[in-house]
Amino acid sequence: MAQWTSTVGAAQLARQLQAPLSRPGVPGARKPPAYRALADGVRLLVLEGRVPVAARLPAERELALALAVSRTTVAAAYEALRTEGFLDSRRGAGSWTAVPAGNPLPARGLEPLPPEALGSMIDLGCASLPAPEPWLTRAVQGALEELPPYAHTHGDYPAGLPALRRMIADRYTEHGVPTMPEQIMVTTGAMGAIDAICHLFAGRGERIAVESPSYANILQLMRETGARLVPVAMRDGLGGWDLNRWRQVLRDAAPRLAYVVADFHNPTGALADEQQRRGLVEAARSAGTVLVVDETMHELALDDDVEMPRRVCAFDPAGSTVITVGSASKAFWAGMRIGWVRAAPDTIRSLVAARAYADMGTPVLEQLAINWLLRTGGWADAVGLRREQARSNRDALVAAVRRELPDWEFQVPRGGLTLWVRTGGLSGSRLAVAGERVGVRVPSGPRFGVDGAFEGYVRLPFTVGGPVADEAAARLAAAAALVRAGAGAGADMPRTFVA
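The structure displayed is predicted, hence computed values, not measured ones.

Participant: Just to check I follow, could you spell out the overall build of the chain for this structure?
Facilitator: Helix and strand counts for the chain come out as 16 helices and 15 strands. The burial tally for the chain puts 56% of its 499 residues in the buried class. Sequence-distant contacts, at least 24 apart, represent 75% of the contacts inside the chain between residues at least 6 apart. Surface summary for the chain: the accessible area is close to 20700 Å², and the carbon and sulfur share equals 53%.

Written as structure tokens, this is what we have:
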């Protein structure tokens, strides 16, 4: 069986290679041979995640014609990539991209620091903000007042409290997507929702198409279910979703599921427009793929003039293609572990039936607290506070990073909680290690990719502001200096990264 899970056409690869092949060399340095420049360009595209791992490359003759070079040049470049572990080949199956065994992959996402460690370490590992008081306290007090009738029951509600299911359904209906309570299941956070979906739809060995980059913890969850992840490269910056790539991957790999974060994507911050949303749904429907849409960032538009597109599920009126996941964790507080699934009623029934063997249901008191917020209008006020805090933090962090690290590149997202930063040629993994030494925790890019991609990136969340943002950027600059000093000027990245 072939080991590739997607394909890259010759014309597409030639376009992507234009930038790395046209970059000026180091002054005074000898220009590398054509095959070496081509091999380095392909390697850079793989490590930045712009060409997925396990993507079949075009045949030598096809790529030579697209690049207007000799076939010998392409053959030598492919051989160099095979020698360095960035290409695998098999007679009759072609050649596909890989990452060498010497590049260890991150096994887990970053766990939150214990509260007692926060005094000495600035934690940029988790994209979570403190609770928006006084609304947390008011919600819990309101929930306690409504608890007594439920305390006289068994307390097990596998699909969620009926009142909360109705409230969530009504909110979808108000936003132009008619929804019944029977289409809602309340879960223990968005992670609980996606875990249930993966176990129901994608058994061990099934393929799941994912954005590249994507949310680190979800990628790890899917790996642990035994799924085979098929990465689909995002466009640069805030460009978002390349529909041609999605159509090709869904057609060629035929994944059972596809997972996307269409609202202020984690980690890039991109917001899918209506054309991209419609195109994703149509591509998934044509391929027979279930499209799982993570809406946990949906309410975190930070700029006042952002016009939110219709929800992705609005483009699937029959409800046969899209499953939507929502959560209170990002918009309200991560300590409030309430999530939900919106899907067709028969899908919800299947998820509820399967749930009994994993967890019996979501805590009643927390469901009552969220229901109180939604019913009284406290939710809108709390989310408003969350937006103000995240906006202030974003602006402070952006200014501090630009001042302290002017060679780092990023585009400022208009919502969400994360900044996706290209680190000026430094290894994100080495920066993460050096950051621990100087008192700042930062997740490296490979945590958000499949099979070691994005070594030249880090993710910075909008969790600190004011003087703390200034200090965080200063510590990141100190970490960058350590990486440069340890690797030598001009050789900060591993040899396998430098193009």
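Don't stop here, the text continues.
Participant: Just checking my understanding: could you explain the pattern of salt bridges for this structure?
Facilitator: Proximity of charged atoms lets side chains of opposite charge pair with each other. Tallying each qualifying case throughout the model produces 26 salt bridges. Two residues, Arg-394 and Asp-395, come together in a salt bridge whose shortest N-O distance is 3.1 Å. According to the relative accessible area criterion, Arg-394 is buried, its value standing at 4%. Residue classification places Asp-395 among the partly exposed positions, given a relative accessible area of 39%. As a salt-bridge pair, Asp-470 and Arg-403 come within 3.0 Å of each other at their nearest N and O atoms. Placement of Asp-470 in helix 16 (residues 466–487) and of Arg-403 in helix 14 (residues 378–404) is noted, with a sequence separation of 67 residues between them. On the basis of relative accessibility, which here comes to 33%, the residue Asp-470 falls in the partly exposed class.

Participant: Teacher, can you tell me more about the nonpolar core here?
Facilitator: One recurring pattern in soluble globular proteins: nonpolar side chains tend to sit buried together. One finds Leu-124, Val-401, Trp-408, Leu-431, Leu-460 and Leu-476 to be the most contacted residues of the largest nonpolar core, which totals 39 residues. Sorting the residues of this core by element identifies helix 14, strand 13 (418–422), helix 15 (428–438), strand 15 (457–461) and helix 16 as the ones contributing at least two each. Every residue in contact with Leu-460, bar those within four places of it in the chain, is listed here: Leu-124, Leu-397, Val-401, Leu-417, Thr-418, Leu-419, Val-421, Val-442 and Leu-476.

Participant: I would appreciate a short explanation of empty space enclosed by the protein in the present structure.
Facilitator: Rolled over the atoms, a probe sized like a water molecule indicates the empty space that remains. A full pass over the atoms with the stated rule returns four cavities of 30 Å³ or more. Estimated volume of the largest cavity: approximately 200 Å³. At the level of secondary structure, the elements contributing two or more residues to the lining of the largest cavity comprise helix 7 (162–174), strand 11 (322–327) and helix 13 (364–376). At three residues, helix 7 tops the list of elements feeding residues into the lining of the largest cavity. Roughly 90 Å³ of volume is contained in the second largest cavity.

Participant: What should I look at first to understand the environment of Leu-271 in this one?
Facilitator: Tracing the backbone shows Leu-271 in the loop between strand 9 (257–260) and helix 11 (274–287). With 37 residues separating them along the chain, Leu-271 and Met-308 place their C-alpha atoms 8.6 Å apart. What Leu-271 contacts, discounting residues up to four positions off in sequence, is Trp-241, Ala-262, Asp-263, Phe-264, Gln-276, Arg-277, Val-306, Met-308 and Pro-309.

Participant: Whenever I open this one, the pairing of strand 13 confuses me. Can you help?
Facilitator: Two faces make up the sheet, and in a regular strand the side chains alternate between them. Of all the five residues making up strand 13, five are buried; the element is thus mostly covered by neighbouring parts of the structure. Burial of the side chains of strand 13 extends over both faces: Thr-418, Trp-420 and Arg-422 are buried on one face and Leu-419 and Val-421 on the other.

Thresholds, definitions, all that
- Here, residues in each chain are numbered from 1, in the same order as that chain's written sequence.
- Predicted model: local features are reported for residues with pLDDT of at least 70 only, side-chain atom pairs are reported and counted for 80 or more only, and whole-chain, interface and lining totals are derived from all residues.
- Only hydrogens and water are set aside; all other atoms, that is, all heavy atoms of the structure, feed into the side-chain values.
- Secondary structure is summarised from DSSP: a helix means a run of H or I of at least four residues, a strand means a run of E of at least two, and numbering begins at the N terminus for each.
- Here's how the labels work: a residue is buried when its accessible area is under 20% of the maximum for its type, exposed when over 50%, partly exposed in between, all with a 1.4 Å probe on protein chains only.
- In this description, contact between two residues means that some pair of their heavy atoms is separated by no more than 4.5 Å.
- Calculation of accessible area relied on Shrake-Rupley with a 1.4 Å probe; when residues are assessed, cover is drawn exclusively from the protein chains displayed.
- The salt bridge definition used is simple: a Lys or Arg side-chain nitrogen within 4 Å of an Asp or Glu carboxyl oxygen.
- Within this scheme, the nonpolar core is defined by two criteria: the residues are buried Ala, Val, Leu, Ile, Met, Phe, Trp, Tyr or Cys, and they are joined through side-chain atoms within 4.5 Å.
- Using protein atoms alone on a 1 Å grid, points that fit a 1.4 Å probe yet trap it form a cavity, whereas open point sets bounded by protein on both sides within 12 Å along at least five of seven lines form a pocket; residues with an atom within 4 Å of a point count as lining.
- Grid points are joined across faces, edges and corners, and a volume is the space filled by probe spheres set on the points.

Read these as spatial facts, not as claims about activity.
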